[in-house]
Amino acid sequence: PDKHIMRFKILQIFPFTSEKKRMGIIVQNVTSGEIIFYMKGADVVMKSIVEYNDWLEEECGNLAREGLRTLVIAKKILTEQQYASFEQNYTHAQLSVTDRSVQTNAVIESLEDNMELLCTTGVEDKLQFEVRPTLELLKNAGIKVWMLTGDKLETATSIAISSKLIGRNQPLFSFKTVTSRVEVHSELNQLRKNIENALIITGSSLELCVQHYETEFMELACRSPVVVCCRCSPTHKAQLVLLLKSYMKRPVCAIGDGGND
């Protein structure tokens with residue numbers, strides 16, 4: 001309001017990676033000398049980094065159900081002593097000959113606790129021109145379309161429906177999050193009973209299915225009318241494409257819309 005310009009000096013930048021699902025920056029206010037660590041990332045990782053609150057998970061879920069991509073933003077004030085200690089450890093880790101990446105990540109993570117939650121954002125990911133008729137033409141030609149995305153389950157489902165990949169009245173089967181071989185076997189049995197439904201599965205559950213019951217899972221997934229894999233890392237996407245090529249023995253076309261893909 002008073003048109004006062006604040007100037008900051010960038011001290012450190014921590015780029016986004018698909019594995020960490022977050023990025024950060026440390027800046028210093030030129031006037032006051034205050035040092036601030038800002039971070040933004042996916043709610044699934046940020047909820048354990050920020051101070052306890054009772055609204056973040058619910059609000060992110062509400063935004064995701066509207067088809068919006070969510071990000072959580074937080075900050076932490078650092079004293080000069082804290083930053084000096086961090087800088088020393090970070091520089092030492094960067095100069096390490098062995099396990100450099102592991103050591104630098106460990107030093108950064110030492111700052112990632114009890115951060116002040118600032119806000120959450122919801123950004124609309126608009127569909128490209130003529131996505132709906134294109135998908136319809138592909139399906140009419142007998143080409144099966146799978147959607148592999150890093151989005152939350154709710155966001156992925158909303159986008160799949162809005163793009164007409166999944167019909168509005170088409171029944172869905174959400175593969176539960178599994179952590180063991182027994183749970184995978186149980187969910188595969190449920191999938192077999194709901195084989196006419198569109199399948200929605202997370203990357204972590206997909207990984208366990210392939211690990212324990214690769215043939216059974218691929219057989220059922222390929223029989224499903226539509227498959228949506230959410231919370232997928234670029235590695236998950238690549239592995240699934242290679243698996244499809246190996247299992248189907250047919251041409252597979254993978255189309256990515258981002259740098260990671």
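Heads up: the structure comes first, above all this text.
Notes on the structure follow. (Residues numbered from 1 in each chain as written. Predicted model: local features only at pLDDT ≥ 70, side-chain atom pairs only at ≥ 80, totals over all residues. Heavy atoms only, no water.)

**Some details on the pairing of strand β4 (residues 68-78)**
Step number 1: A one-sided burial pattern is seen for β4, the buried positions being Leu68, Thr70, Val72, Ala74, Lys76 and Leu78 and the unburied ones Arg69, Leu71, Ile73, Lys75 and Ile77.
Step number 2: Summarising the sheet, strand β3 (residues 35-41) and β4 pair through seven bridges and their orientation is antiparallel. Bridge pairing links Ile36 to Ile77 in β4.
Step number 3: Sheet topology places β4 next to strand β5 (residues 116-124); eight bridges connect them, and they run antiparallel. Across the sheet, residue Lys75 finds its bridge partner in β5, namely Glu116. (Buried < 20%, exposed > 50% of the residue type's maximum accessible area, 1.4 Å probe, protein only. Helix = DSSP H or I, 4+ residues; strand = E, 2+ residues; numbered from the N terminus. Pairing = 2+ DSSP bridges.)

**A look at the state of the cysteines**
Where two cysteines share a covalent bond between their sulfur atoms, that bond is called a disulfide.
Step number 1: Within the structure shown, the criterion is met by zero disulfides.
Step number 2: No disulfide involves Cys229; its nearest neighbouring cysteine sulfur is the one of Cys232, lying 4.8 Å away.
Step number 3: Judged by relative accessible area, Cys229 falls into the buried class, the value being 1%.
Step number 4: The structure places no disulfide on Cys230, whose sulfur is separated from the nearest cysteine sulfur, that of Cys232, by 7.2 Å.
Step number 5: Assessed through its relative accessible area of 0%, Cys230 is described here as buried. (Disulfide = S-S within 2.5 Å.)

**A short note on the sheet that holds strand β2 (residues 22-29)**
Step number 1: Pairing within the open sheet is antiparallel, and its five strands lie in the order β1-β2-β3-β4-β5. At either end of the open sheet lies a strand with only one pairing partner, and these are β1 (8-17) and β5. Averaged over neighbouring strand pairs, the angle between their axes works out to 15 degrees when direction is ignored.
Step number 2: Bridge count for β1 against β2 is seven bridges, and the pairing is antiparallel. Looking at β2, one finds that Ile10 is bridged to Val27. (Axes fitted to C-alpha atoms, helices over the stretch in contact; angles between N-to-C directions.)

**A short note on the layout of surface pockets**
Step number 1: In this structure, the second largest pocket encloses a volume near 230 Å³.
Step number 2: Together, Asp43, Val44, Lys47, Glu57, Gly61, Lys152, Leu153, Glu154, Thr202 and Arg231 line the second largest pocket.
Step number 3: Of the residues belonging to the lining of the second largest pocket, the class tally is two nonpolar, two polar and six charged. (1 Å grid on protein atoms, 1.4 Å probe; cavity = no way out; pocket = protein on both sides within 12 Å on 5 of 7 lines; lining within 4 Å. Points joined across faces, edges and corners; volume = space filled by probe spheres on them. Nonpolar A, V, L, I, M, F, W, Y, C, P; charged D, E, K, R; others polar.)

**Examining the pattern of salt bridges**
Opposite charge on two side chains makes pairing possible when the charged atoms of those side chains draw close.
Step number 1: In the structure shown here, the tally under the stated rule is eight salt bridges.
Step number 2: A salt bridge links Asp43 to Lys152; its shortest N-O distance comes to 3.1 Å. Separated by 109 residues along the polypeptide, Asp43 in helix α1 (residues 43-46) and Lys152 in the loop between β6 (146-148) and α6 (153-162) bring together distant segments of the chain.
Step number 3: Take Asp43: its relative accessible area is 8%, and that puts it in the buried class. (Salt bridge = Lys/Arg side-chain N within 4 Å of Asp/Glu carboxyl O.)

**Thoughts on the side chain of Thr155**
Step number 1: Inspection of the secondary structure puts Thr155 in helix α6.
Step number 2: Here the side chain of Thr155 touches Leu68 through a polar contact of 3.3 Å, landing on its backbone oxygen.
Step number 3: With sequence-adjacent residues up to four places away left out, Thr155 is seen in contact with Ala64, Gly67, Leu68 and Arg69. (Polar contact = N/O pair within 3.5 Å; in protein donor to acceptor, adjacent residues only side chain to side chain. Contact = heavy atoms within 4.5 Å.)

**Digging into helix α2 (residues 56-65)**
Step number 1: The complete set of buried residues in α2 reads Leu56, Cys60, Gly61, Leu63 and Ala64. Around the axis of α2, the buried residues are gathered within 165 degrees of arc, so they sit on the same side. Opposite the packed face of α2, turned more than 90 degrees from it, sit the exposed residues Glu58 and Arg65.
Step number 2: Close packing links the buried residues of α2 with α1, β4, β5 and α6. (Arc of directions from axis to C-beta.)

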